[in-house]
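Single-letter residue listing:
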Amino acid sequence: MASIIKVDTIQTAAGGTPTAADLGLNTTGSVLQVVKGEQSGTLTVNTSAATTYVSVSITPQSTSSKIYLTCSVMLIATNLSTSGARIRLTPQIQRAGHGVITQLNEAFQMRDYSFTSTNNETCIPCTLQVLDSPSTTSPVTYNFNVYGTQVSGNCRVSGTNVDFIAMEIAG
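Residues numbered from 1 in each chain as written. Predicted model: local features only at pLDDT ≥ 70, side-chain atom pairs only at ≥ 80, totals over all residues. Heavy atoms only, no water.

1. Examining the overall build of the protein chain
Then, in step 1: Helix and strand content of the protein chain: 0 helices and 10 strands.
Then, in step 2: In the protein chain, the succession of α and β elements from N to C terminus is β-β-β-β-β-β-β-β-β-β.
Then, in step 3: Looking at the protein chain residue by residue over its 171 residues, the buried ones come to 34%.
Then, in step 4: In the protein chain, the share of contacts with a sequence separation of at least 24, taken over all contacts with a separation of at least 6, comes to 82%.
Then, in step 5: Accessible surface computed for the protein chain: about 9500 Å², of which carbon and sulfur atoms make up 48%. (Helix = DSSP H or I, 4+ residues; strand = E, 2+ residues; numbered from the N terminus. Buried < 20%, exposed > 50% of the residue type's maximum accessible area, 1.4 Å probe, protein only. Contact = heavy atoms within 4.5 Å. Areas by Shrake-Rupley, 256 points an atom, 1.4 Å probe, with all protein chains shown as cover.)

Right under this line is the structure:
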């Protein structure tokens, strides 16, 4: 014969709601939530000021949680004004109000490309990943920014359904 236990609530001895730790479970390193910011347009970059391409907001469940962020886009230079034009685009992930968390290593930036004509196009795939420790349970917004310097043509960030993903990892 099968037994059935039905209860309305379960509480700790102190009267609180039990956590995974109260039940003897270790959730450290588990993915608690995944949030996605989407962008499917093109951002033209022609200034040295950082411009946000896509954002994502997440509200951590615990101050000990880590936020793993990843974003993949295509950096494109086209319609350059002169042959041998110099181009430098710098992608970065920024926690809103807290400065840059990571930016792409200079070795992967678009820079010092020589073009034989003004109509060539150069495309470089770019993926940034970072693990952040915001130490808060308040909403946190992350921006994927790009800024350009020494731009003498049209530089843009482009993608079809670009995903900027934030995952909360239990600490």
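The discussion continues.
2. With respect to the confidence of the model for the protein chain
Then, in step 1: Overall, the predicted model of the protein chain reaches an average pLDDT of 76, with 69% of residues at or above 70.
Then, in step 2: Mean pLDDT across the elements of the protein chain bottoms out in strand β6 (residues 100-103) (62) and peaks in strand β1 (residues 31-39) (90).
Then, in step 3: For the stretch residues 104-116, pLDDT sits under 50, and the model shows 37 contacts to residues farther than four places along the chain or on other chains. (pLDDT = per-residue confidence, 0-100.)

3. A closer look at the side chain of Glu-168
Then, in step 1: Structurally, the position occupied by Glu-168 is in strand β10 (residues 162-169).
Then, in step 2: Ignoring anything within four residues of it in the chain, the contact list for Glu-168 reads Ser-30, Val-31, Leu-32, Gln-33, Ile-58, Thr-59, Pro-60, Gln-61, Ser-62, Ser-65, Lys-66 and Ile-67.

4. Section: the nonpolar core
Then, in step 1: In this structure, Leu-69, Val-73, Tyr-142, Phe-144 and Phe-164 are the most contacted members of the largest nonpolar core, which totals 23 residues.
Then, in step 2: Broken down by secondary-structure element, the contributors of at least two residues to this core are β2 (42-45), β3 (51-58), β4 (66-78), β7 (122-132), β8 (140-149) and β10.
Then, in step 3: The biggest single contributor to this core is β4, with 5 residues.
Then, in step 4: Contact partners of Phe-144, with chain neighbours within four places excluded, come to Thr-51, Thr-52, Tyr-53, Val-54, Cys-71, Val-73, Pro-91, Gln-92, Ile-93, Cys-126, Leu-128 and Phe-164. (Core = buried A, V, L, I, M, F, W, Y, C linked by side-chain atoms within 4.5 Å.)

5. Looking at the pattern of salt bridges
Then, in step 1: This structure, assessed with the given rule, holds 2 salt bridges.
Then, in step 2: When the shortest N-O distance is used, the salt bridge between Glu-38 and Lys-36 registers 3.1 Å.
Then, in step 3: Overall, Glu-38 belongs to the exposed group, its relative accessible area being 55%.
Then, in step 4: Residue classification places Lys-36 among the partly exposed residues on the basis of a relative accessible area of 44%.
Then, in step 5: Of the charged contacts in the structure, one is a salt bridge between Asp-132 and Arg-95, with a shortest N-O distance of 2.8 Å. (Salt bridge = Lys/Arg side-chain N within 4 Å of Asp/Glu carboxyl O.)

6. With respect to the packing of aromatic side chains
Then, in step 1: Within the structure shown, the criterion is met by 1 aromatic pair.
Then, in step 2: With 6.4 Å between their ring centres and 70° between their planes, Phe-144 and Phe-164 make a pair best called edge-to-face. Remark: Phe-164 occurs in strand β10 and Phe-144 occurs in strand β8; sequence separation between them is 20 residues.
Then, in step 3: Looking at Phe-144, the relative accessible area reads 0%, which means it is buried. (Phe/Tyr/Trp six-rings, centres within 6.5 Å; stacked < 30°, edge-to-face > 60°.)

7. A few points about unusual backbone geometry
Then, in step 1: For Ser-135, which is not a glycine, the phi torsion comes out positive at approximately 50°.
Then, in step 2: Inspection of the secondary structure assignment puts Ser-135 in the loop between β7 and β8.
Then, in step 3: Owing to a relative accessible area of 51%, Ser-135 belongs among the exposed residues under this scheme.

8. Considerations on the side chain of Asp-132
Then, in step 1: Topologically, Asp-132 is positioned in strand β7.
Then, in step 2: For Asp-132, a relative accessible area of 6% puts it in the buried group.
Then, in step 3: A distance of 2.8 Å separates a polar atom in the side chain of Asp-132 from a polar atom in the side chain of Arg-95. (Polar contact = N/O pair within 3.5 Å; in protein donor to acceptor, adjacent residues only side chain to side chain.)

9. Comments concerning a nonpolar patch on the surface
Then, in step 1: Taken together, the side chains of Ile-5, Val-7 and Ile-10 make up a nonpolar region of the molecular surface, amounting to roughly 370 Å² of accessible area.
Then, in step 2: Assignment of secondary structure puts Ile-10 in the segment before β1.
Then, in step 3: Note on Ile-10: relative accessible area 60%, which makes it exposed. (Patch = residues over 30% accessible without salt bridge, like charges linked within 9 Å, V, L, I, M, F, W, Y side chains within 5 Å.)

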